[in-house]
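Remarks on the overall topology
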Amino acid sequence: MIARISAGLLAVALLATGCGASGQQPSSTPKVGLITKTETNPFFVKMKEGAQKAAQASGAELMTAAGKFDGDNAAQITAIENMVAAGVKGILITPSDTKAIVPAIKKARDAGVMVIALDTPTDPQDATDALFATDNLKAGELIGQYAKAAMAGKPAKIATLDLAPGITVGQLRHDGFLKGYGIAEGDPSIVCSQDTRGDQSKGQTAMENCLQKAPDINLVYTINEPAALGAYTALKAKGREKDTLIVSVDGGCTGVKAVQSGQIAATSQQYPLKMAEDGVKAVAEFAMKGKKASGYTDTGVTLVTDKPATGVEAKDTAFGLANCWG
């Protein structure tokens with residue numbers, strides 16, 4: 001059985017019954033909580049799909065909650081508290097604020113709940129029992145290596161369209177791109193850096209700002225494909241879309257189609273369905289055997305492009321579309 005209970009409704013139910021964690025009756029059906037950053041992003045839609053599938057297969061009850069927007073830490077804290085009160089054995093979470101969420105996670109763990117971060121590590125990473133995620137440093141490194149090879153020695157004028165300060169997944173991808181390209185932070189080839197929150201409209205605005213600052217930009221790194229498509233729109237408006245290389249991370253279906261059409265040169269594909277499936281299985285095992293998951297589990301990343309570069313391993317968009325999400 002799968003229960004989709006919003007944080008708000010659950011809070012009302014608990015208040016009405018006067019039940020806390022201590023008032024829960026033992027159940028043969030383990031409860032698993034899934035807390036994502038939002039409900040609408042295709043990445044998290046696919047993650048929820050994976051969790052539902054694994055919960056059905058494991059005989060677990062799935063409870064879900066999400067922030068109203070990317071960065072909604074308060075809603076995630078409330079969801080953790082509600083799920084602990086409802087008697088979950090484990091919580092899977094993609095933290096919106098990787099530092100601010102840590103005290104709430106600690107309370108859950110102190111209450112005996114196993115907490116696994118999906119996709120985005122907390123800061124510090126060991127604030128959760130385990131992490132199931134893409135190697136985001138490697139994801140960035142792959143597109144950095146690709147960009148370096150694709151530029152074929154041409155001097156680069158780079159714009160980096162990042163996520164937001166203090167979010168580990170964004171920093172890891174950014175650092176990986178620089179590593180793969182073979183440059184350090186502050187290199188003079190980086191002519192503009194802007195935050196986008198991974199949003200398409202913000203990506204377009206960021207690219208417009210960068211083009212005002214440096215009209216000769218010819219290489220754009222983006223935190224994800226919505227930001228990449230926003231950048232492409234801004235470049236096209238200036239007639240620069242054909243002479244500017246855009247690389248990105250995520251591998252959603254819309255993003256892979258953008259690679260197929262040539263709007264994005266290459267993207268690093270990750271696998272949210274697998275993250276959630278593995279997470280639910282780990283909670284079910286904890287419920288049945290008392291064995292907690294620990295450490296980091298790499299759920300894989302693949303460079304996807306239809307214009308392969310020498311020395312950089314990649315799959316084509318046929319593979320990307322067969323394995324995409326959203």
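Right, let's get into the nonpolar core. In terms of nonpolar packing, the biggest core is built from 30 residues, with Tyr-146, Phe-177, Tyr-181 and Leu-219 touching the most fellow members. No other element matches the 6 residues that helix H5 (residues 136–151) contributes to this core. Leaving out residues up to four positions away in the same chain, Tyr-146 has contacts with Val-247, Ala-265, Ala-266, Leu-303, Thr-305, Lys-307, Pro-308, Ala-309 and Val-312. Counting 24 residues, the second largest nonpolar core, distinct from the first, contains Met-47, Ala-51, Ala-55 and Met-275.

With that settled, the discussion passes to helix H4 (residues 102–110). Among all positions in H4, only Val-102, Ala-104, Ile-105 and Ala-108 are buried. The arc that holds the buried residues of H4, viewed along the axis, is 160 degrees, so those residues lie on one side. More than 90 degrees from the buried face of H4, the exposed residues found are Pro-103, Lys-107 and Asp-110. Here the buried face of H4 lies against helix H3 (73–85), strand S3 (90–93) and strand S4 (114–118). Looking one or two residues beyond H4, the residue adopting positive phi is Gly-112, at roughly 95 degrees.

Within the structure shown, the criterion is met by 2 disulfides. Between Cys-192 and Cys-210 runs a disulfide, and the two sulfur atoms are separated by 2.2 Å. The sign of the -75 degrees torsion about the S-S bond sets the Cys-192-Cys-210 disulfide as left-handed. Highlighted residues: Cys-192 in strand S7 (residues 190–195) and Cys-210 in helix H7 (residues 200–213), separated in sequence by 18 residues. Comparing Cys-192 with Cys-210, the two get one shared label, buried. A sulfur-sulfur distance of 2.1 Å marks the disulfide that ties Cys-253 to Cys-324. Measuring handedness by torsion sign, the sulfur bridge of Cys-253 and Cys-324 sits at about 90 degrees and is right-handed. In this pair, Cys-253 sits in helix H9 (residues 253–261) while Cys-324 sits in the segment after helix H11 (317–322), placing the two residues 71 residues apart along the sequence. Judged by relative accessible area, Cys-253 falls into the buried class, the value being 14%. Cys-324 gets classed as buried once you look at its relative accessible area, which sits at 14%. Ordering the disulfide-forming cysteines of the chain by sequence position, one finds them joined as 1-2, 3-4.

This next bit is on the pairing of strand S5 (residues 130–133). Side chains of S5 alternate between two faces, with Ala-130 and Phe-132 and Leu-131 and Ala-133 buried alike. One ladder, built from 3 bridges, connects S4 with S5; its direction is parallel. For Ile-116, the partnering residue across the bridge sits in S5 and is Ala-130. Where S5 and strand S11 (residues 295–298) come together, 4 bridges link them in parallel fashion. When the bridges of S11 are listed, Phe-132 appears paired with Thr-297.

Moving on, we get to the environment of Leu-273. Relative to the assigned elements, Leu-273 resides in helix H10 (residues 272–289). Given the relative accessible area of 22%, Leu-273 is considered partly exposed. Taking C-alpha positions, Leu-273 is 23 Å from Ala-127, a pair spaced 146 residues apart along the chain. Every residue in contact with Leu-273, bar those within four places of it in the chain, is listed here: Lys-46, Glu-49 and Gly-50.

What follows concerns the pattern of salt bridges. Pairing is possible between side chains that carry opposite charge, provided their charged atoms lie close to one another. The full count for this structure, using the stated rule, is 10 salt bridges. In this structure, a network of salt bridges that share partners links the residues Arg-109, Asp-129 and Lys-292.

The subject of this paragraph is the packing of aromatic side chains. Enumeration according to the criterion identifies 4 aromatic pairs in this entry. Geometrically, the ring pair formed by Phe-177 and Tyr-221 is stacked, given 5.0 Å between the ring centres and 25 degrees between the ring planes. On the criterion of sequence distance, the pair formed by Phe-177 in helix H6 (residues 168–181) and Tyr-221 in strand S8 (residues 219–222) is long-range, its members being 44 residues apart. Tyr-221 carries the same exposure label as Phe-177, and that label is buried. Here the aromatic cluster, defined as three or more aromatic residues joined through ring pairs, consists of Phe-43, Phe-44 and Trp-325.

The next subject is the sheet that holds S3. The strand order S2-S1-S3-S4-S5-S11 describes an open sheet built from 6 strands, whose pairing is parallel. On the outer flanks of this sheet lie strand S2 (61–66) and S11, each paired with one strand and no other. Between one strand axis and the next, the sheet turns by 20 degrees as a mean value, whatever way the strands run. Against the sheet, helix H2 (residues 42–58) contacts strand S1 (31–36), S2 and S4, and its axis sits at roughly 175 degrees relative to S1. Contacts between H3 and the sheet are confined to S1, S2 and S3, with S1 contributing the most and set at about 175 degrees to the helix.

Criteria and thresholds
Residues numbered from 1 in each chain as written. Predicted model: local features only at pLDDT ≥ 70, side-chain atom pairs only at ≥ 80, totals over all residues. Heavy atoms only, no water. Core = buried A, V, L, I, M, F, W, Y, C linked by side-chain atoms within 4.5 Å. Buried < 20%, exposed > 50% of the residue type's maximum accessible area, 1.4 Å probe, protein only. Helix = DSSP H or I, 4+ residues; strand = E, 2+ residues; numbered from the N terminus. Contact = heavy atoms within 4.5 Å. Arc of directions from axis to C-beta. Disulfide = S-S within 2.5 Å. Pairing = 2+ DSSP bridges. Salt bridge = Lys/Arg side-chain N within 4 Å of Asp/Glu carboxyl O. Phe/Tyr/Trp six-rings, centres within 6.5 Å; stacked < 30°, edge-to-face > 60°. Axes fitted to C-alpha atoms, helices over the stretch in contact; angles between N-to-C directions.

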